[in-house]
Amino acid sequence: MNITILGAGAIGSLWACHLKEAGHNVSLWLRTPKISSHTLQLDDQTPLTFTTNDDTRLEQSDVLLITVKAWQVKEALLPLLDKLHTDTILVFMHNGMGAVEEVENELRHYPVVLATTTQAAMKPSLDKVNHTGAGQTQLGPFNAKGTQCQFLAEVFNHTLPDVFWTSDIQTALWQKLAINCAINPLTALEQCRNGNLAEARYSEPLRHIIQEVSEVMAQEGIPVSFSELNSKVYKVITATKDNYSSMQQDLCYQRPTEIDFITGYLCRKAQEHKINVPANQALYDEIKRIEHSWRTQ
Ligand code: NAP
Ligand code: PAF
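Definitions and limits used
Residues numbered from 1 in each chain as written. Chains lettered and ligands numbered in written order. Predicted model: local features only at pLDDT ≥ 70, side-chain atom pairs only at ≥ 80, totals over all residues. Heavy atoms only, no water. Near = heavy atom within 4 Å. Polar contact = N/O pair within 3.5 Å; in protein donor to acceptor, adjacent residues only side chain to side chain. Areas by Shrake-Rupley, 256 points an atom, 1.4 Å probe, with all protein chains shown as cover. Helix = DSSP H or I, 4+ residues; strand = E, 2+ residues; numbered from the N terminus. Expected span 1.5 Å × (residues − 1). Buried < 20%, exposed > 50% of the residue type's maximum accessible area, 1.4 Å probe, protein only. Arc of directions from axis to C-beta. Contact = heavy atoms within 4.5 Å. Domains from an automatic or database assignment. Buried area = accessible area lost by both parts, 1.4 Å probe. Salt bridge = Lys/Arg side-chain N within 4 Å of Asp/Glu carboxyl O.

**Some remarks on the site of ligand 2**
- All residues in the neighbourhood of ligand 2 are listed as Asn95, Lys176, Asn180, Ile183, Asn184, Asn194, Val236, Ser245 and Ser246.
- Asn95 places a polar side-chain atom, nitrogen or oxygen, 3.3 Å from an oxygen atom of ligand 2.
- Between Ser246 and ligand 2, the recorded distance is 2.6 Å, taken from a side-chain N or O atom to an oxygen atom.
- Here ligand 2, which alone exposes 280 Å², has 84% of that area covered by the protein.

Written as structure tokens, this is what we have:
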């Protein structure tokens, strides 16, 4: 398949290398247009060279895999839409929710697929990517045209397993959102590893966060119980105990976080359903306060 990756960061580079290795024609769309090729080395494998920012390759793409951060989706994607064929399948892979809804109107002619992944990757330098944790990826339709793209799960599964298709991607996204609401802001504010959240002093704050998330999820029609969500969160805390969360890293390096699409999305949904979410709202306000403080420095 002809595949273009928009957002050749950690996750985008991981998929780019695996898709190319699997025999697909993969090109990258980078922020800097003057570069015409880019080399990426996955772990200690042979470096691979990718064509970049090639209008013809973009027009001929069967799939555009969008792996920018949630808050970068709009700015990165909109300028490319008039160069794309409306048969191109748009696959969004990022943490958080609400970013695709922001551009929903502009996407109505395209097949749109949403993805959530627990694969982990990091880029120690511009041309290197490390696969730091094996996980699972779920794909599912965002719109009617997207429902015809089930075959993609098989294509992606041959590339970087395990990949599953789900007709109910919203449930998968909400479950990931719940985990991110619990782990990300707390680890960011405490500047601690995920595993530290297993300490007794965090059990009350976590209980409040998860309780509020489960109430909002229930109103959204997502089948969930507090105890199920609670045990999922603690499983991730244990499984990733030595890791720093993405939001901890963003705050540490003074990079914009994905809070508006994680806790912010939860708070917006809570407001729509007239549910009070004071624990999540306080975390949201504090992260936003810190982000604003960088701008006034
Ligand atoms: P990342 O390394 O920051 O990658 C984002 C990439 O998008 C960067 O290379 C960035 O380029 C590029 N980009 C941003 N705006 C662009 C634009 N206008 N045009 C072209 N490229 C643009 O982030 P990541 O870690 O890969 O994460 C991507 C998403 O996956 C996030 O939502 C994250 O939460 C999620 N996720 C990540 C992991 C992981 O292990 N890394 C795991 C699961 C989910 P610049 O560097 O030039 O800004
Ligand atoms: O954003 C992250 O860091 C990850 O999604 C997770 C699951 C919280 C693990 O660190």
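**Some details on helix α11 (residues 278–295)**
- The end-to-end C-alpha distance of α11 is 26 Å, a good match for the 26 Å that 18 residues give at a rise of 1.5 Å each.
- Along α11, the residues classified as buried are Ala279, Asn280, Leu283, Tyr284, Ile287, Lys288, Ile290, Glu291 and Trp294. Down the axis of α11, the smallest arc covering the buried residues is 160°, so these residues share one side. Exposed side chains of α11 directed beyond 90 degrees from the buried face belong to Pro278 and Arg295.

**Quick notes on the environment of His273**
- When you line up the elements, His273 lands in the loop between α10 (263–272) and α11.
- Given the relative accessible area of 26%, His273 is considered partly exposed.
- Sequence-wise, His273 and Glu215 are 58 residues apart; in three dimensions their C-alpha atoms are separated by 9.8 Å.
- Discounting residues that sit within four places of it in the chain, His273 has contacts with Gln219 and Glu220.

**Here we look at the domain arrangement of the chain**
- In terms of domains, the chain is made up of domain 1 (2–167) and domain 2 (171–295).
- Of note, the centres of domain 1 and domain 2, computed from C-alpha atoms alone, are 25 Å apart.
- The interface is formed by 15 residues belonging to domain 1 together with 15 residues belonging to domain 2.
- When the area that domain 1 buries against domain 2 is broken down by residue, the three leading residues are Trp71, Asn95 and Met97, summing to 49%.
- Summed over the shared surface of domain 1 and domain 2, the number is 1 salt bridge.
- The partner of Asp250 in a salt bridge is Lys69, with the nearest N and O atoms 3.1 Å apart.
- Seen at the junction of domain 1 and domain 2, the total is 5 residue pairs in polar contact (both at pLDDT 80 or more).
- The set of elements that each furnish at least two residues to the side of domain 1 that touches domain 2 consists of α4 (99–102) and β7 (112–117).

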